[in-house]
Number of protein chains: 2
Amino acid sequence: MPELTQNQIARLSRVSQATVSRVLRGDPRVNEELRQRVLAVIEKHGYVPDARAQSLRSLRSGILGLVVHRSPRRLASDPFFSALIAAIIEFAGKAGYHLCVDAARAIQSRRAIYEELLRTRRVDGLILVEPQTQDERMPRLLQEGFPFVLIGRYEPTDAVYSVDNDNVGAGRMATEYFIRKGHRRIAHISGPRGIFVCEDRHAGYRCALEEAGLGYSSDLVAWGDFSEEHGYRAMSRLLSLPNPPTAVVAVDDLVAIGALRAAKERGVCIPHQLAIIGFNDSPFCQYVEPPLSSVAVDIRTLAQMATDVLVKLIEGREVPQRRYIVPCHLVERQTT
Amino acid sequence: MPELTQNQIARLSRVSQATVSRVLRGDPRVNEELRQRVLAVIEKHGYVPDARAQSLRSLRSGILGLVVHRSPRRLASDPFFSALIAAIIEFAGKAGYHLCVDAARAIQSRRAIYEELLRTRRVDGLILVEPQTQDERMPRLLQEGFPFVLIGRYEPTDAVYSVDNDNVGAGRMATEYFIRKGHRRIAHISGPRGIFVCEDRHAGYRCALEEAGLGYSSDLVAWGDFSEEHGYRAMSRLLSLPNPPTAVVAVDDLVAIGALRAAKERGVCIPHQLAIIGFNDSPFCQYVEPPLSSVAVDIRTLAQMATDVLVKLIEGREVPQRRYIVPCHLVERQTT
DNA sequence: TTGTAAGCGTTATCAC
DNA sequence: GTGATAACGCTTACAA
């Protein structure tokens, strides 16, 4: 109801509207007396500038966009995203930005969404999560010179600003950990091919095996999706092998839980007959039976760096590197 | 780079800028030939209207705000919110709106955030989650006539538009379920006093007990917070009672898991010596051991109704009721 | 130091 | 039907 404008504040303070604007923007050239008068009126009436007008004029909306690739259904049950969103809200807020979240459902709507957010200039910059090996958005965004940061990876690596877990390192870390514990047959249940996260963790897994002279066999690798069901099926198959693995690196905690279920159903003793490790250190890891070991990715730091880089890009400040890597660490529980 | 405006499209199509606007808004009065010409140019150059200018002029930003009360830390690990956010994104998107999420951390920043979102007119309307018994924002929002919907409850009930679980009904449902199963000593581990969700579920619990003639005893009720730790401590205390309960209604799944842990540590057999039920049917319920029974709240419907009501309010369409109740249902697993 | 005025890119109301 | 033209509320030269 107090549909206040600078004009009204100006009239009430008996100054020009430009002066009100100057006071608000902290322009040092305004007389102290006037400034006080204006501030008093602003305070008294609770005036707040209209963000719409500000963004039109200043070409800044004060909003960051976060676009995730998952269907709302998958988003709903994925703890990674709630943690990510929460952390980005936190850091964006500290930098004076709001966060607008969009989910790019189907492939065809993806283009629509980024067009929407980008071309309408509704947001000042974009954080993109989980880019795919072939991501049609990158060239467009690059060509437009629009500020954006990837959480994940894109090739060529130096083409874009990105923040990422050390996924290759994490895959290697989990595998080497098993090797150190004496395992010789180590399987890997991965996600979809073409997703960098999966390809990278798989590469780390393979590397560790080959460096230890254990050899890599595609029989011990199961590609699929990120579901518990996939973990269950893949584990069932692996356990039916003539020479089943004694340890499994699962690409995700949910997948690991599926694997765990398959093993428990067959009476396999965990961790003695079969060791399992997941990724992400999801909150539920400590609640499953037995509590699931997991490679923790530092989501908060990931969010902080991504937000920080994006804000710097938007505000034209210098960003020293193109790519930032956040280390993972292994959380040992009862399944390894 | 193609920093296109209607003006440029107009020049390229050799029409006036007003005509371009009319074509875009689907004004029927434009000559078919001109319309085609304009549309061709728009298509060719990939023009999209500037949302900032549109919102300034039309007084609509096309953005809904979601404000949650939790600290980013608690937000990060709460599956309720990821599900809620995901669903709201979905339904807002279908209605042509984006979603801006803000977390109101400390009490004092709460006021700042709603001022920010509301008075700057950055969003067209607000969805507020978990209002408290004393919520200083309500009077302000009401007074401003700003469109907003509550997910939760506020008194007087008819003062605001709200969508809610049937929390009283749910508390009663869980308790009656235990009574039907023959339990006589049924405890309740609740959350903080003054949170409607907790007060309501507690009221339903109490009601069911009294109607069944079992009597209500505050010894069997533990108020606290929403943490696993609280569940653990409360359960430990309850189990030390001279006459411990045989069934527990926990206000939240996480609290239930804490209770479960306390019971398992003491060698209490579940569900035979002690039955436990949680609330929310969180994704991890099926992964704990034994799988946790839970009263499921229909988050997707909650989100859908809230979004639907809010969009109607914003667009000036009629909203038949002030308050909408979404029923809960009981998901029976191995702890009951 | 302050006021005047020109946009920012739309939408919508006029005349023609 | 179509084209000028006046807002929307703000920022920022430019004038005074």
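Everything here concerns the structure above.
Let us look at the structure shown here.

What counts, and where the lines are drawn
- Residues numbered from 1 in each chain as written.
- Chains lettered and ligands numbered in written order.
- Predicted model: local features only at pLDDT ≥ 70, side-chain atom pairs only at ≥ 80, totals over all residues.
- Heavy atoms only, no water.
- Least-squares fit on C-alpha atoms with pLDDT ≥ 70 in both.
- Contact = heavy atoms within 4.5 Å.
- Buried area = accessible area lost by both parts, 1.4 Å probe.
- Salt bridge = Lys/Arg side-chain N within 4 Å of Asp/Glu carboxyl O.
- Polar contact = N/O pair within 3.5 Å; in protein donor to acceptor, adjacent residues only side chain to side chain.
- Helix = DSSP H or I, 4+ residues; strand = E, 2+ residues; numbered from the N terminus.
- Pairing = 2+ DSSP bridges.
- Axes fitted to C-alpha atoms, helices over the stretch in contact; angles between N-to-C directions.
- 1 Å grid on protein atoms, 1.4 Å probe; cavity = no way out; pocket = protein on both sides within 12 Å on 5 of 7 lines; lining within 4 Å.
- Points joined across faces, edges and corners; volume = space filled by probe spheres on them.

To go from the first copy of the chain to the second, apply a rotation about an axis and then a shift along the same axis. Laying chain A over chain B is done by rotating through 180° and shifting 0.1 Å along the axis; what remains is an RMSD of 0.2 Å. Seen this way, the second copy is the image of the first under a two-fold rotation axis. In this assembly the copies share their binding face: 96% of the residues contributing to the interface of chain A also contribute to that of chain B.

Counting residues at the interface gives 55 residues for chain A and 53 residues for chain B. Taken over both partners, the interface formed by chain A and chain B buries close to 4,700 Å², and the fraction arising from carbon and sulfur atoms is 60%. Interface area lost by chain A to chain B is led by A:Arg52, A:His98 and A:Tyr287, which between them contribute 17%. Note that A:Glu289 is salt-bridged to B:Lys264, the shortest N-O span being 3.6 Å. Our count for the contact surface shared by chain A and chain B stands at 14 residue pairs in polar contact (both at pLDDT 80 or more). Listing elements by their share of the side of chain A that touches chain B, those giving two or more residues are helix H4 (51-58), helix H5 (72-76), helix H6 (79-94), strand S2 (98-103), helix H7 (107-119), helix H8 (137-144) and helix H12 (253-265) of chain A.

Omega for the bond connecting A:Glu155 with A:Pro156 falls within 30 degrees of zero, at -5°, which places this linkage in the cis form. One can find A:Pro156 in the loop between strand S4 (148-151) and strand S5 (161-165). Of the consecutive residues A:Ile270 and A:Pro271, the connecting peptide bond is found in the cis state with omega at 5°. In this fold, A:Pro271 is placed in the loop between H12 and strand S9 (275-279). Phi angles above zero are rare outside glycine, and B:Arg14 is one such case at about 50°. Among the structural elements, B:Arg14 can be located in the loop between helix H1 (6-13) and helix H2 (17-25). Phi at B:Asn280 takes a positive value of approximately 110°, unusual for a residue other than glycine. Considering the arrangement of structural elements, one finds B:Asn280 in the loop between strand S9 (275-279) and strand S10 (293-296).

This part is about the sheet that holds S10(B). Adjacent strands of a sheet pair through backbone hydrogen bonds, lying either parallel or antiparallel. All names here are of chain B. Spatially, six strands are ordered S7-S6-S8-S9-S10-S12 in an open sheet, and the strand pairing comes out mixed. Edge positions in the open sheet fall to strand S7 (221-222) and strand S12 (329-331), since each of these has one partner strand only. Here strand S6 (residues 186-189) pairs with S7 via two bridges, running parallel. When the sheet's bridge partners are listed, His188 is paired in S7 with Val221. Sheet strands touched by helix H9 (residues 167-180): S6, strand S8 (247-250), S9, S10 and S12. Its angle to S9, the strand with the most contacts, is close to 165°. Each of S6, S8, S9 and S10 is contacted by helix H12 (residues 253-265), which is oriented at about 155° to S9, the strand it contacts most.

What follows deals with empty space enclosed by the protein. All names here are of chain B. According to the stated counting rule, one finds six cavities of 30 Å³ or more in the structure shown. In this structure, the largest cavity spans a volume of roughly 230 Å³. Around the largest cavity, the lining is made up of 21 residues, and of these Phe80, Glu130, Asn165, Val197 and Arg201 lie nearest the centre. Among the elements of the structure, strand S5 (162-165) and helix H10 (196-211) are those that each provide at least two residues to the lining of the largest cavity. When residues of the lining of the largest cavity are assigned to their parent elements, the largest contribution, three residues, is made by H10.

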